[in-house]
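The primary structure of each chain is shown beneath.
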Amino acid sequence: MKKGIRWKLSFIAITVFLSVLFFLPSTPIYSRLPSWWGKFLPSKGITLGLDLQGGMHLVLEVQGEKAVENALDRTANSLKDLLAEKKINVSSVQREGNEIVVALGSVEAKDREEVGRLARDNYPILTASKNKGDQLSFEMKESEINRIKEAATSQALETIRNRVDQFGVAEPLIQRQGPQQILIQLPGIKDPQRAIDLIGKTALLEFKLVDDDSPVSRELPLRVAPEDEAKFLKDFEAKMPPGDQILFERVVDKENNNVVYKRPFLVKKIAAMSGDTLTDARVNIGQFNEPYVSITFDTAGAKLFEKITAENRKKRLAIILDNSVYSAPVIQERIGGGRAQISGSFTVQEANDLAIVLRAGALPAPVKIIQNVTVGPSLGADSIKYGIMAGVVGTALVVLFMVFYYRLSGLIADFNLFLNVVLLIGAMAFLNATLTLPGIAGIILTVGMSVDSNVLIFERIREELRAGKPVRMAVEAGYDKAFLTIIDSHVTTLITAIILFIFGTGPIKGFAVSLSLGVTINLFTSLVGTKVIFDIVNSRRKLEALSI
């Protein structure tokens, strides 16, 4: 055997061995391998996509307008404090729509000019929009609005990724899709609603003082049925003191068949403290075996919390998450050390989820679910079953046809087909690719292209044999003349696959990955794999005829 043939055979044998090695973690055999395997050899294989193992497909839209409103609210409060510090006579500073409106306490020109100057010097993101009587209006610059929306989407992406990582989902797909949309795929998840609650929770933590001094507070009932919440708020709207609001605590009456009701609280609208200084949140078990969440503040937060508790002894401080009251304990004494706890009527799992969203941070703006598709595990199993069945039946028919039509040469083409599939699956395992149902379609299409390449080569060989050339020369000429045609068809298909991968999402990328790998590998197996078999046969004896 010639040296060149031995090198080709050795290279093919090595690639087949490595392919099997990389594919082993994707098989049931892997669980029976020794523990040292994962330290020195591949420990990850092909990951099944959402459509094959079941799971969730979510598309969220970040409400960037709300982030802009929050920024305007913060700017309005800051401007109000600044004007009070400079002793400028103003009646109110508040956001109205997308504008900050300053109501002057007088119509003197000097006050108007001073407010305009302070706003211009300290808040370059604002621009004066209109003046009307004793009111000055400022609006946010368009460039700043776009920046806030962009930052809100980017921050929401990272926050959601942190939450999902702590939730413990294997191989999640979380990526941006368009200006304000986020695509989330969670394969193998067993509790879709819990995942939605965890991902979509804004997690805005606030500490607000309960206004027990107001007569309205004493009129509030202890229980409100959940379905009567809107009517209750409407009835109390006219009685509401300025600067106050009513928020509810969800309570589960465990002594009365776990009936759920709402407990109203009259609280100050302006939060005494927010959760942006929070550094940690952990679940602990109380003395009555009930879970609660222990939270820790940074240095600045600890000082502020200590100041609030020192100044408001014997008052209630409501701990609020996303406008829902979790608890409202009475402040007995000054609390130092930067620690507090959130207790409520929740289970260990609910406490864990609350700790996760607090640790991961609040979303900068609410998110809206615009697409929610859940694929059950049984549907995924059916997809695998029928996808494999389609591949096996299609491959078997192709194998039989090639033997029937090309005789012994057809067996060589079938060897090429087997080699192609083995190397393709090994390459996907090496890249830890995600196999989807369209990915299986890409593999089946690769089988067709593998056969197509051999058909081109064999028909060229048959033409040369009909022209009276010896077998060896006919084989060489057949491969040489089919070479450019095979290259052309594979390169154009590869370009299409690359474009699909760049611009496609989800399953389309799975199809593009398997197709591009299959096309690349097929070039090697068609032009080298089958050729080496013909070279071995021709090197051993002089063939007078070829079974083709």
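The coordinates are above.
Residues numbered from 1 in each chain as written. Predicted model: local features only at pLDDT ≥ 70, side-chain atom pairs only at ≥ 80, totals over all residues. Heavy atoms only, no water.

1. Section: the packing of aromatic side chains
Link 1 in the chain: Scanning the model with the defined rule gives twelve aromatic pairs in all.
Link 2 in the chain: Residues Phe207 and Phe297 carry aromatic rings whose centres are separated by 5.8 Å and whose planes lie at 65 degrees to one another, so their mutual orientation is edge-to-face. Here the residue Phe207 occupies a position in strand 9 (residues 205-209), and Phe297 occupies one in strand 14 (residues 291-297), the gap between them amounting to 90 residues.
Link 3 in the chain: By relative accessible area, Phe207 is classed as buried at 1%.
Link 4 in the chain: Linked through ring pairs, Phe401, Tyr405, Tyr406, Phe458, Tyr479 and Phe534 together constitute an aromatic cluster.
Link 5 in the chain: The cationic tip of Arg223 hangs over the ring face of Tyr261; the distance from NZ or CZ to the ring centre is 4.0 Å.
Link 6 in the chain: One Lys or Arg, Lys239, reaches over the ring of Phe236 and ends 4.8 Å from the middle of that ring. (Phe/Tyr/Trp six-rings, centres within 6.5 Å; stacked < 30°, edge-to-face > 60°. Helix = DSSP H or I, 4+ residues; strand = E, 2+ residues; numbered from the N terminus. Buried < 20%, exposed > 50% of the residue type's maximum accessible area, 1.4 Å probe, protein only. Lys NZ or Arg CZ within 6 Å of the ring centre and 35° of its normal.)

2. Quick notes on the nonpolar core
Link 1 in the chain: Ranked by internal contacts, the top residues of the largest apolar core, which has 71 residues, are Ile295 and Leu358.
Link 2 in the chain: The residues contacting Ile295, other than those within four sequence positions of it, are Leu205, Phe207, Leu278, Asp280, Ala281, Gly338, Arg339, Ala340, Gln341, Ile342 and Leu358. (Core = buried A, V, L, I, M, F, W, Y, C linked by side-chain atoms within 4.5 Å. Contact = heavy atoms within 4.5 Å.)

3. Some words on the sheet that holds strand 11 (residues 259-268)
Link 1 in the chain: In space, the six strands of this open sheet follow the order 11-10-16-15-9-12, with mixed pairing throughout. Looking at which strands have only one partner, the edges of the open sheet turn out to be strand 11 and strand 12 (273-274).
Link 2 in the chain: As paired strands, strand 9 and strand 12 are joined by two bridges and run antiparallel to one another. From the neighbouring strand, Phe207 faces strand 12, where its bridge partner is Met273.
Link 3 in the chain: Set on the sheet, helix 9 (residues 229-236) makes contact with strand 10 (244-253) and strand 11; between it and strand 10 the angle comes to about 150 degrees. (Pairing = 2+ DSSP bridges. Axes fitted to C-alpha atoms, helices over the stretch in contact; angles between N-to-C directions.)

4. A short note on the packing of helix 6 (residues 142-167) against helix 7 (residues 192-200)
The packing of two helices is summarised by the inter-axis angle and the distance between the axes.
Link 1 in the chain: Interhelical geometry of helix 6 versus helix 7 gives an angle of 140 degrees and a closest axis separation of 9 Å. Looking at the two axes, helix 6 sits oblique to helix 7. Considering only the axes of helix 6 and helix 7, their crossing is right-handed. Of the residues in helix 7, those touching helix 6 at Ile160, Arg163, Val164 and Phe167 are Arg194, Ala195, Leu198, Ile199 and Gly200.
Link 2 in the chain: Residues belonging to the contact of helix 6 with helix 7 are distributed by class as follows: six nonpolar, one polar and two charged. (Parallel < 35°, antiparallel > 145°, perpendicular 65-115°, else oblique. Left-handed = near helix turned anticlockwise from the far one by under 90°. Nonpolar A, V, L, I, M, F, W, Y, C, P; charged D, E, K, R; others polar.)

5. What to know about helix 13 (residues 437-466)
Link 1 in the chain: Here helix 13 is 30 residues long and its end C-alpha atoms lie 44 Å apart, about the 44 Å a rise of 1.5 Å per residue gives.
Link 2 in the chain: Trailing helix 13 by a residue or two, Gly468 shows a phi angle of about 95 degrees, which is positive. (Expected span 1.5 Å × (residues − 1).)

6. A closer look at the side chain of Asp211
Link 1 in the chain: The residue Asp211 is located in the loop between strand 9 and helix 8 (215-219) in this model.
Link 2 in the chain: According to the relative accessible area criterion, Asp211 is buried, its value standing at 10%.
Link 3 in the chain: Every residue in contact with Asp211, bar those within four places of it in the chain, is listed here: Ser217, Asp244, Leu266, Val267 and Lys268.

7. Some details on the environment of Asn454
Link 1 in the chain: Within the secondary structure, Asn454 sits in helix 13.
Link 2 in the chain: Linking Asn454 and Thr525, residues 71 residues apart in sequence, is a C-alpha distance of 9.9 Å.
Link 3 in the chain: For Asn454, the residues in contact, after removing those within four places along its chain, are Met402, Ala413, Asn416, Ser526 and Thr530.
Link 4 in the chain: There is a polar contact of 2.8 Å between the side chain of Asn454 and the backbone oxygen of Ser450. (Polar contact = N/O pair within 3.5 Å; in protein donor to acceptor, adjacent residues only side chain to side chain.)

8. Looking at unusual backbone geometry
Link 1 in the chain: Backbone geometry places Lys314, a non-glycine residue, at a positive phi of 70 degrees.
Link 2 in the chain: Residue position: Lys314 is located in the loop between helix 10 (299-311) and strand 15 (317-321).
Link 3 in the chain: With phi around 55 degrees, Arg407 is a residue other than glycine that occupies positive phi space.
Link 4 in the chain: Mapped onto the elements of the fold, Arg407 is located in helix 12 (residues 377-430).

9. Some words on the sheet that holds strand 7 (residues 173-176)
Adjacent strands of a sheet form backbone hydrogen bonds with each other and so pair up, either parallel or antiparallel.
Link 1 in the chain: Read from one edge of the open sheet, four strands run 7-8-2-18, paired in antiparallel fashion. On the outer flanks of this sheet lie strand 7 and strand 18 (367-375), each paired with one strand and no other. Strand after strand, the sheet turns through a mean of 10 degrees between neighbouring axes, direction not considered.
Link 2 in the chain: The pairing of strand 2 (residues 55-62) with strand 8 (residues 181-187) spans seven bridges and is classified as antiparallel. Within strand 8, the position partnered with Leu60 by the bridge is Ile182.
Link 3 in the chain: Each of strand 2, strand 7 and strand 8 touches helix 6; the most contacted strand, strand 7, lies at about 175 degrees to it.

10. A closer look at the side chain of Ser409
Link 1 in the chain: Tracing the backbone shows Ser409 in helix 12.
Link 2 in the chain: In this structure Ser409 comes out as buried when scored by relative accessible area, which is 1%.
Link 3 in the chain: Setting aside anything within four residues of it in sequence, one finds Ser409 in contact with Phe458, Phe534, Leu546, Ser547 and Ile548.

11. Examining the pattern of salt bridges
Link 1 in the chain: Under the defined criterion, the tally for this structure stands at 26 salt bridges.
Link 2 in the chain: Between Arg95 and Asp73 there is a salt bridge, with the nearest N and O atoms lying 2.8 Å from each other. Linking Arg95 in strand 3 (residues 90-96) with Asp73 in helix 4 (residues 64-85), this pair joins segments that are 22 residues apart in sequence.
Link 3 in the chain: Residue classification places Arg95 among the partly exposed residues on the basis of a relative accessible area of 27%.
Link 4 in the chain: The partner of Arg334 in a salt bridge is Glu306, with the nearest N and O atoms 2.1 Å apart. Pair noted here: Arg334 is in the loop between strand 16 (324-327) and strand 17 (339-343) and Glu306 is in helix 10, with a separation of 28 residues, a long-range link.
Link 5 in the chain: One network of salt bridges, with partners in common, ties together Glu114, Arg117 and Asp121. (Salt bridge = Lys/Arg side-chain N within 4 Å of Asp/Glu carboxyl O.)

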